[in-house]
Amino acid sequence: MKKTTTTLADGRELNYYDLDDSTDRKAFDQRPLEPVQTRPELRLDVATGDRVAIASHRQGRTHHPPTDACPLCPSRGGRHSEIPAADYEVAVFENRFPSLAGSTGRCEVVCYTSDHSASFTDLADNRARLVLDGWTDRTECLSSLPGIEQVYCFENRGAEIGVTLAHPHGQIYAFPFMPPRTVKMVAVADAHRAATGRNLFEDLLAEARGATSRVVMAGRHWTAFVPFAARWPYEVHVYPHRRVLDLTYLSEAERAEFPGIYLELLRRFDRLFHHLRGVSVPVPTPYISAWHQASKTGGQELALHLELFTPRRSTDKLKFLAGAESGMEAFVNDVVPEAAAQRLREVAS
């Protein structure tokens, strides 16, 4: 992998990742941009202890632009985008409309491919591995920044999720605090260690692999399974068999196997619903894909794992976070986890 680091016209950092070490990605950003002045604010919800980012400038961010104005496509034919190069394989840059910035953290955009009409599912194994290497590099770099507590790599796909740019991409948030879900997992993992002397996540993986009815697929180094108490209609967790804290600890063998596992899983998600509104062809499934990594403090009991889930519960129905979920964080799932796992096994390639 070759990494090329440059800056955009307003001073934001841009990193290209390429398979070929001879690739030249030193194009200059020709846009007349002023430096980003936005400074999101973190406020404490004293009733829960949660931190909330106030980022009003995001009201003006780019929203569903036409394809010929996509800011994530390469700069070609006199049209200048966020990517100055005329082509790229993987590009990662600081978000111009960040939820976190400066002392409140950092937000980056990860472009998986220059092909606007593609998706992560369309990547070849070596290109998916390049994205994994990019995630790993950004985890290492962002973790080293002063004040950063946890690095979170994720993807939102589909208008149903709220995606505002159609180009295949994900994001990385570098939090200056431990997010609420991590706080909960740390507390439960610490209590589990105190009660049993064992690691919670190692036990979860062992239990899932033993309860084969919830295993979706497995390799030599990774297992994908539906959790016992899945919150979403189709929710799959992907664990390496060897517990590690974050992406930087993965071995070469683990990195080599992951793309095949992940791409097959995404393709199965896209085959879950064969038709929609009378169209008898596979419909891209909206999803959120989220890497959970250990935080700097209080996270030694955590384990790197990926959580992939969709709000689609049937061909023409979505699960909305209504009163119980949004108001009380009490999830109700309409799909039995074992049935979801069976369906995901049935749509294997």
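Below is a short write-up of the structure. Just so it is clear, the structure is predicted and the values come from calculations on it, not from any experiment.

We now examine the sheet that holds strand 11 (residues 234–240). One open sheet accounts for 11 strands, arranged 1-2-5-6-8-7-12-13-11-10-9; its pairing is antiparallel. Because the sheet does not close on itself, it has two edges, and the strands there are strand 1 (2–7) and strand 9 (215–218). Within this sheet the neighbouring strands show an average axis-to-axis angle of 20 degrees, counted without direction. One ladder, built from six bridges, connects strand 1 with strand 2 (residues 13–18); its direction is antiparallel. Its bridge partner being in strand 2, T4 is matched across the sheet by Y16.

This paragraph deals with the nonpolar core. The biggest cluster of nonpolar side chains holds 48 residues, and the ones touching the most others in it are F120, W135 and W291. Tallying contributions element by element places helix 4 (residues 252–271) first for this core, with seven residues. Among all residues touching F120, those that are not within four sequence positions of it are Y112, A128, V131, W135, E155, Y262, L263, L266 and Y287. Listed in part, the 14 residues of the second largest apolar core include Y16, C70, L72 and I83.

In this section: the side chain of E325. Residue position: E325 is located in helix 5 (residues 323–328). Relative accessible area serves as the criterion here: at 9%, E325 is assigned to the buried category. For E325, the contacting residues outside a window of four places in its chain are K319, F320, A330, F331 and V332.

All right, on to the pairing of strand 11 then. Among the seven residues that make up strand 11, seven are buried, leaving the element largely enclosed by the rest of the structure. Alignment of strand 10 (residues 222–225) against strand 11, held across four bridges, turns out to be antiparallel. In the sheet register, F225 faces strand 11, and the bridge partner there is H237. Where strand 11 and strand 13 (residues 305–310) come together, five bridges link them in antiparallel fashion. The residue of strand 13 that forms the bridge with E235 is F309.

On to the packing of aromatic side chains, then. A complete count under the given rule lists 17 aromatic pairs for this structure. Ring centres of W232 and F331 lie 5.6 Å apart, and the angle between their planes is 65 degrees; this geometry places the pair in the edge-to-face category. Taken together, the positions of W232 in the loop between strand 10 and strand 11 and F331 in the loop between helix 5 and helix 6 (337–346) put the pair 99 residues apart, joining distant regions of the chain. F331 gets classed as partly exposed once you look at its relative accessible area, which sits at 31%. Here the aromatic cluster, defined as three or more aromatic residues joined through ring pairs, consists of Y112, F120, W135, W222, F258, Y262 and W291. The ring of F331 carries the charged tip of R231 above its face, separated from the ring centre by 5.2 Å. Over the ring of F273 we find R312; its NZ or CZ atom is 5.9 Å from the centre of that ring.

Two elements in contact, helix 1 (residues 125–143) and helix 4, have axes separated by 9 Å at closest approach and are oriented at 120 degrees. Of the possible angle classes, the one that applies to helix 1 and helix 4 is oblique. In terms of crossing hand, the pair formed by helix 1 and helix 4 is right-handed. Counting all contacts with helix 1, which are made through D125, A128, R129, L132, D133, W135 and T136, the residues of helix 4 involved are E252, R255, A256, F258, P259, G260, Y262 and L263. Looking at the contact of helix 1 with helix 4, its residues break down into eight nonpolar, two polar and five charged.

Let's shift gears to the pattern of salt bridges. Counted under the stated rule, the structure contains 34 salt bridges. For R43, the salt bridge identified is with E41, shortest N-O distance 3.0 Å. When the shortest N-O distance is used, the salt bridge between K184 and E329 registers 2.9 Å. Taken together, the residues K184 in helix 2 (residues 180–196) and E329 in the loop between helix 5 and helix 6 connect sequence positions 145 residues apart. E329 sits in the exposed class, given a relative accessible area of 53%. Through salt bridges with shared partners, a single ionic network connects K3, E13, E94, R106, E108, D137 and R138.

We now examine the environment of K2. By the element assignment, K2 lies in strand 1. Judged by relative accessible area, which is 24%, K2 ranks as partly exposed. C-alpha separation for the pair K2 and D21, spaced 19 residues apart in sequence, amounts to 5.0 Å. Among the polar contacts listed, one links the side chain of K2 to the backbone oxygen of D21, at a separation of 3.4 Å.

As a further point, take the packing of helix 2 against helix 3 (residues 200–210). Look at helix 2 against helix 3: their axes get within 8 Å of each other, and the N-to-C directions meet at 85 degrees. The angle between helix 2 and helix 3 falls in the class roughly perpendicular. On the side of helix 2, the interface is formed by M185, V188, A189 and H192, while helix 3 contributes L200, F201 and D203. Here the contact of helix 2 with helix 3 is composed, by residue class, of five nonpolar, one polar and one charged.

The rules behind the values
- Residues numbered from 1 in each chain as written.
- Predicted model: local features only at pLDDT ≥ 70, side-chain atom pairs only at ≥ 80, totals over all residues.
- Heavy atoms only, no water.
- Pairing = 2+ DSSP bridges.
- Helix = DSSP H or I, 4+ residues; strand = E, 2+ residues; numbered from the N terminus.
- Axes fitted to C-alpha atoms, helices over the stretch in contact; angles between N-to-C directions.
- Core = buried A, V, L, I, M, F, W, Y, C linked by side-chain atoms within 4.5 Å.
- Buried < 20%, exposed > 50% of the residue type's maximum accessible area, 1.4 Å probe, protein only.
- Contact = heavy atoms within 4.5 Å.
- Phe/Tyr/Trp six-rings, centres within 6.5 Å; stacked < 30°, edge-to-face > 60°.
- Lys NZ or Arg CZ within 6 Å of the ring centre and 35° of its normal.
- Parallel < 35°, antiparallel > 145°, perpendicular 65-115°, else oblique.
- Left-handed = near helix turned anticlockwise from the far one by under 90°.
- Nonpolar A, V, L, I, M, F, W, Y, C, P; charged D, E, K, R; others polar.
- Salt bridge = Lys/Arg side-chain N within 4 Å of Asp/Glu carboxyl O.
- Polar contact = N/O pair within 3.5 Å; in protein donor to acceptor, adjacent residues only side chain to side chain.

Treat this as a map of the structure, not an account of what it does.
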